[in-house]
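Now for the letters of each chain:
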Amino acid sequence: MTGDAIRRRSRGTLRSALLAASFELLREGGLAGFSVAELARRLDVSTAAPYRHFRDRDELLAAVAAQAAAELTAAMRDAVEAAGSDPVDRFAATAGAYVRFVSARGAGFDVIFAAELRHLRNGALAEAGRELTSLLLDLAQRARPAESLEALQLVEQVIALAHGYASLDTGGFLSSARLTDDDVAARATRAAAALVRGGQPA
């Protein structure tokens, strides 16, 4: 990289480039395969360069997770609005949105709520996680009015279902069926709706 390119990166573009490349790396190898050294290699910067913006690997991952949570919340809101007025359909749409998001960005709940990042007490990540959780809880309570604990359990079930479909899709398990990402998202949405309705299909 030329001296001019390095100076351009140092004016603020390196941070955004690190975040963008982090999503790509997560899509390929997940959290276990995430390496700051590999990130630097891909961006053609020194291994020390990322640490000018982030204290360590975990702080970088926390920034990625916060961005992922904010983007996922926005994607879910869009899917909910497109789903119409039925409360069950609106809640179920979040499962399809999740499948599409993981396919496109490579980061899901396993990154957003990663146990290895909890010790950081990162404010931006905590706030983004709360907004995402609040959206899901509100939709769950509208879809099936209940006590808070029951609504939380329903959110847990829909998340598990959506994450399962996303994992099978990204892992190639569903590729033999020649399903597109939209096909998998539609299956996840239908399964979530059936779950919320108590096993009765729409």
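One can find the structure itself at the top, above this paragraph.
Residues numbered from 1 in each chain as written. Predicted model: local features only at pLDDT ≥ 70, side-chain atom pairs only at ≥ 80, totals over all residues. Heavy atoms only, no water.

Considerations on the packing of aromatic side chains
Stage number 1. For the coordinates displayed, the defined rule picks out two aromatic pairs.
Stage number 2. Measuring from centroid to centroid gives 4.5 Å for Tyr98 and Phe109, while their planes differ by 15 degrees, and the two rings are stacked. Pair noted here: Tyr98 is in helix H4 (residues 87-105) and Phe109 is in helix H5 (residues 109-112), with a separation of 11 residues, a long-range link.
Stage number 3. Its relative accessible area of 0% is what places Tyr98 among the buried residues.
Stage number 4. Aromatic pair Phe109 and Phe113: ring centres 6.0 Å apart, planes at 15 degrees, arrangement stacked.
Stage number 5. Members of the aromatic cluster, joined through ring pairs, are Tyr98, Phe109 and Phe113.
Stage number 6. In this structure, Arg105 is placed above the aromatic ring of Phe23, and the distance from its NZ or CZ to the ring centre is 3.8 Å. (Phe/Tyr/Trp six-rings, centres within 6.5 Å; stacked < 30°, edge-to-face > 60°. Helix = DSSP H or I, 4+ residues; strand = E, 2+ residues; numbered from the N terminus. Buried < 20%, exposed > 50% of the residue type's maximum accessible area, 1.4 Å probe, protein only. Lys NZ or Arg CZ within 6 Å of the ring centre and 35° of its normal.)

Observations regarding the pattern of salt bridges
Stage number 1. Applying the stated criterion to the full structure yields 15 salt bridges.
Stage number 2. We note a salt bridge from Arg55 to Asp56, for which the minimum N-O separation is 3.8 Å.
Stage number 3. Given the relative accessible area of 55%, Arg55 is considered exposed.
Stage number 4. Its salt-bridge partner being Arg105, residue Glu71 comes within 2.8 Å of it at the nearest N-O pair. In this pair, Glu71 is assigned in helix H3 (residues 57-82) and Arg105 in helix H4, connecting sequence segments 34 residues apart.
Stage number 5. In this structure Arg105 comes out as partly exposed when scored by relative accessible area, which is 22%.
Stage number 6. Where salt bridges share partners, they join Glu28, Glu38, Arg41 and Arg42 into one cluster. (Salt bridge = Lys/Arg side-chain N within 4 Å of Asp/Glu carboxyl O.)

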